[in-house]
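# Residue-level structural notes
Listed below, chain by chain, are the residues.
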Amino acid sequence: MLATLTGMLVGMVAAAVLGALLLPEQVSKVDSAREEISASTKEIERIGPERQKAYDELTRSKEDYDRNVDPVLLEPFTSEFAHLKFTSKLSTHELLMELKEDPLRLVNYDELEKLNLQQYLPDASGRENSDQTGRNDEQESEAADSAATRELLRQYALRFIELRDKDYVFTQVENEYSKYQMSVTINEEVVRVTSIFIFQINLLSLAMIFICTIVGYLTHPIAEKLIRRVTNIWKGMDFGPGQRSGPAAIGMFAGVVLATITLLMLFAVIPPGESFLDKGWFKLVIGTAMILIMGGIGAITGATYFGPREDPDEIDEFAEFRRNAAPKLLDTSVIIDGRIYEIAQTRFLDGYLVVTGSVLRELQTLADSADERKRIKGRSGLELVQKMQDDNRVDLRIFDDSQFDSQGNGVDDQLMIVCREMGAQVVTNDYNLNRVAAILNVKVLNINALANSVKTRHLPGDELVIKITDRGKQKGQGVGYLEDGTMVVIEDGGGYIGQNKLVRITSVSQTAQGRLLFARVDLASGDGDA
């Protein structure tokens, strides 16, 4: 739990740092864009009535123009307006102001004549006669203009100028309205894209917290060692008045103060608003965890390093005889053998019995083997592990050693690595693993060696009752077995197959296969019947 909580705390701190580095700029960008949206929206609301008014006036002007002016005059007026604007180098507004003073500047008689708009010419016949007599155009125009025609063209030109003026005003308002609408659209897109980026940063922060929590959980063996050490220190404390309670309280107070300062600095760099790191639940969790952890560390540090030393009168004279039991790692062979279960039930083994993940995987591989013998061994091994887990008298733990997969070439290599890292002992029946462990300075507990050491020792001259079950290799020999499997060869036992007989040991032979006893029936005291 402590390892998991510490990993979570580290993840939260890392997430806060990540947010402090990446989020402020993005949050500022979002705030600026939202301010622009708000300002543009207000301008749009302000310009909206003006835009509608300009549009209505433009519409009325178009209707008035279409109703009172011949449509064919729109083209020559437009052409002349463009020509005047080009030659005068004036802006549209300035040109319109000048044309309002002299509307007839829009009238181009040559253009009207090209379009055969004779009715708008002052005197078409007079112009033709004048052309025939060779007068110049200016003299003919001045002579032929009539006041009525000029006034009519002047009214048409004024309506065209008014139409262009309304169109100009509406265009200006429309351009300003479109500018603010474009600003709203662009800034809304900025807010959308930046919000997605902020969400990704928050998602990454959550992933960091989750990963650090998992890493903290996976490092629980190290945390267990730390907890055991802290527990031993805590047990050694005397919290009586005037002893370690004062330094412990001061240390705890210093730890809480340091945690508070750290939290204030951490919360100061967390960007507000957009990050989940600014939420109340996050601050509560990280604040509580940091105060508890640093307060506890401060109390232990104060009591350990600043408290009074042990009183010589209270020194435990038996401390040198006490030591913590090392965990025992079971290899595949000893699990398949099965005797470790009975030994564990007797509580002769102190400390945890540990089965690593690599050993379980090897047992599973054997259980899935096509070879029937291997399959039986693997299944019996897995059943034994399950039985030991369910037995309250056996303290069995499963350890995930996958973190050492890349360091070992096999199950035995990995077992040795875990033993050295954990400070554990290996329990095995494998002779080769026994030798390798000796080379690597890993302590080995061999079940076969234990069985040999507790065997009942039979010496020459001892008498015992044994059932003769089979014939021996030599003529007249019989063979029987002790309860521990030791073979007894009875020299004159061939005629007592299937009977229990009292025999006397004549000799003992130790071979590579085990111990071998030789006996005779006729040397036993009594009649030799069981």
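Residues numbered from 1 in each chain as written. Predicted model: local features only at pLDDT ≥ 70, side-chain atom pairs only at ≥ 80, totals over all residues. Heavy atoms only, no water.

Side-chain pairs of opposite charge can arise where the charged atoms are in close proximity. Applying the stated rule across the entire model yields 16 salt bridges. Arg46 serves as the salt-bridge partner of Glu50, at 3.7 Å between the closest nitrogen and oxygen. With Glu50 and Arg46 both in helix α1 (residues 2–68) and four residues apart, the pair spans about one turn of that helix. Glu50 sits in the partly exposed class, given a relative accessible area of 41%. Classification of Arg46 by relative accessible area gives partly exposed; the value is 40%. Salt-bridge contacts for Arg339 lead to Asp337; the nearest nitrogen and oxygen are separated by 2.7 Å. Judged by relative accessible area, which is 32%, Arg339 ranks as partly exposed. Judged by relative accessible area, Asp337 falls into the partly exposed class, the value being 32%. Within the structure, one salt-bridge network assembled from shared partners comprises Glu43, Arg46, Glu50 and Glu176. (Salt bridge = Lys/Arg side-chain N within 4 Å of Asp/Glu carboxyl O. Helix = DSSP H or I, 4+ residues; strand = E, 2+ residues; numbered from the N terminus. Buried < 20%, exposed > 50% of the residue type's maximum accessible area, 1.4 Å probe, protein only.)

With that settled, consider helix α3 (residues 92–101). Turning to α3, its buried residues number three or more, namely Thr92, Leu95, Leu96 and Leu99. Seen from one end, α3 has its buried residues packed into an arc of 100 degrees, which puts them on one side. Summarising the contacts, the buried residues of α3 are in contact with α2 (74–88) and α7 (147–218). (Arc of directions from axis to C-beta. Contact = heavy atoms within 4.5 Å.)

If you look at the biggest cluster of nonpolar residues, it comprises 32 residues, and the most contacted ones within it are Leu330, Ile335, Ile340, Met388, Leu396 and Val426. For this core, the leading source of residues is helix α15 (residues 411–422), giving five residues. With 22 residues, the next largest nonpolar core counts Tyr65, Val69, Leu96 and Phe160 among its residues. (Core = buried A, V, L, I, M, F, W, Y, C linked by side-chain atoms within 4.5 Å.)

So, on to the side chain of Ser183. In this structure, Ser183 sits in helix α7. Judged by relative accessible area, which is 17%, Ser183 ranks as buried.

Relative to the helices and strands, Ile468 resides in strand β6 (residues 463–471). Ile468 sits ten residues away from Gly478 along the chain, and the two C-alpha atoms are 6.1 Å apart.

Moving on, we get to the packing of α3 against α7. Two measures define how a pair of helices packs: the angle their axes make with one another and the distance between the axes. Contact geometry of α3 with α7 gives a least axis separation of 10 Å together with a crossing angle of 155 degrees. Taken together, α3 and α7 sit at an angle that is classed as roughly antiparallel. Crossing handedness for the pair α3 and α7: left-handed. Each of Thr92, His93, Leu96, Leu99 and Lys100 in α3 lies in contact with α7, whose residues at this interface are Leu158, Ile161, Arg164, Asp165 and Tyr168. For the contact of α3 with α7, the class distribution of residues is five nonpolar, two polar and three charged. (Axes fitted to C-alpha atoms, helices over the stretch in contact; angles between N-to-C directions. Parallel < 35°, antiparallel > 145°, perpendicular 65-115°, else oblique. Left-handed = near helix turned anticlockwise from the far one by under 90°. Nonpolar A, V, L, I, M, F, W, Y, C, P; charged D, E, K, R; others polar.)

Here we come to the environment of Thr87. Tracing the backbone through its elements, the reader meets Thr87 in helix α2. Judged by relative accessible area, which is 45%, Thr87 ranks as partly exposed. Polar side-chain contacts of Thr87 include one of 3.2 Å to the backbone oxygen of Leu84. (Polar contact = N/O pair within 3.5 Å; in protein donor to acceptor, adjacent residues only side chain to side chain.)

Turning to the packing of α15 against helix α16 (residues 431–439), a few remarks are in order. α16 packs onto α15 with a crossing angle of 40 degrees between their chain directions and a minimal axis gap of 11 Å. For the pair α15 and α16, the sense of crossing is right-handed. From α15, Asp412, Leu415 and Met416 reach across to α16, where they touch Leu433, Val436 and Ala437.

Tallying each qualifying case throughout the model produces four aromatic pairs. With centroids separated by 5.5 Å and ring planes inclined at 50 degrees, the aromatic side chains of Phe77 and Phe160 adopt a geometry described as tilted. With Phe77 in helix α2 and Phe160 in helix α7, the pair connects residues that are 83 residues apart, well separated along the chain. Of the two residues, Phe77 and Phe160, neither departs from the other in class, the shared state being buried. An aromatic cluster is present here, built from Tyr65, Phe77, Phe81 and Phe160 joined pairwise through their rings. A cation over an aromatic ring shows up here: Arg51 above the ring of Tyr177, its NZ or CZ 4.5 Å from the ring centre. Here Lys179 stacks its cationic end above the ring of Tyr180, 4.8 Å away from the centre of that ring. (Phe/Tyr/Trp six-rings, centres within 6.5 Å; stacked < 30°, edge-to-face > 60°. Lys NZ or Arg CZ within 6 Å of the ring centre and 35° of its normal.)

Let's shift gears to the pairing of strand β4 (residues 425–428). Burial along β4 is two-sided: the face carrying Gln425 and Val427 and the face carrying Val426 and Thr428 are both buried. Here three bridges tie strand β1 (residues 328–330) to β4, and the two strands are oriented parallel to one another. Residue pairing across strands places Leu330 opposite Val427, the latter belonging to β4. Across three bridges, the pairing between β4 and strand β5 (residues 444–446) is parallel. Across the sheet, Val426 pairs through a bridge with Val444, a residue of β5. (Pairing = 2+ DSSP bridges.)

On to a nonpolar patch on the surface, then. Nonpolar side chains collect at one region of the surface, where Phe210, Ile211, Ile214, Val215, Tyr217 and Leu218 lie side by side and expose about 600 Å² of accessible area between them. Summarising the element assignment, Val215 is placed in helix α7. (Patch = residues over 30% accessible without salt bridge, like charges linked within 9 Å, V, L, I, M, F, W, Y side chains within 5 Å. Areas by Shrake-Rupley, 256 points an atom, 1.4 Å probe, with all protein chains shown as cover.)

As paired strands, β6 and strand β7 (residues 478–481) are joined by three bridges and run antiparallel to one another. Following the sheet pairing, Arg471 is matched in β7 by Gly478. In this structure, the hairpin formed by β6 and β7 is closed by a connection of six residues, where Gly476 is found at a positive phi of approximately 85 degrees. Pairing geometry for β7 and strand β8 (residues 487–490), over four bridges, is antiparallel. The residue bridging Gly480 from the neighbouring strand is Val488, located in β8. A loop of five residues connects β7 with β8, the two strands running antiparallel in sequence, and Gly485 in this loop sits at a positive phi of about 95 degrees.

Function-wise, these values are silent; they only describe arrangement.
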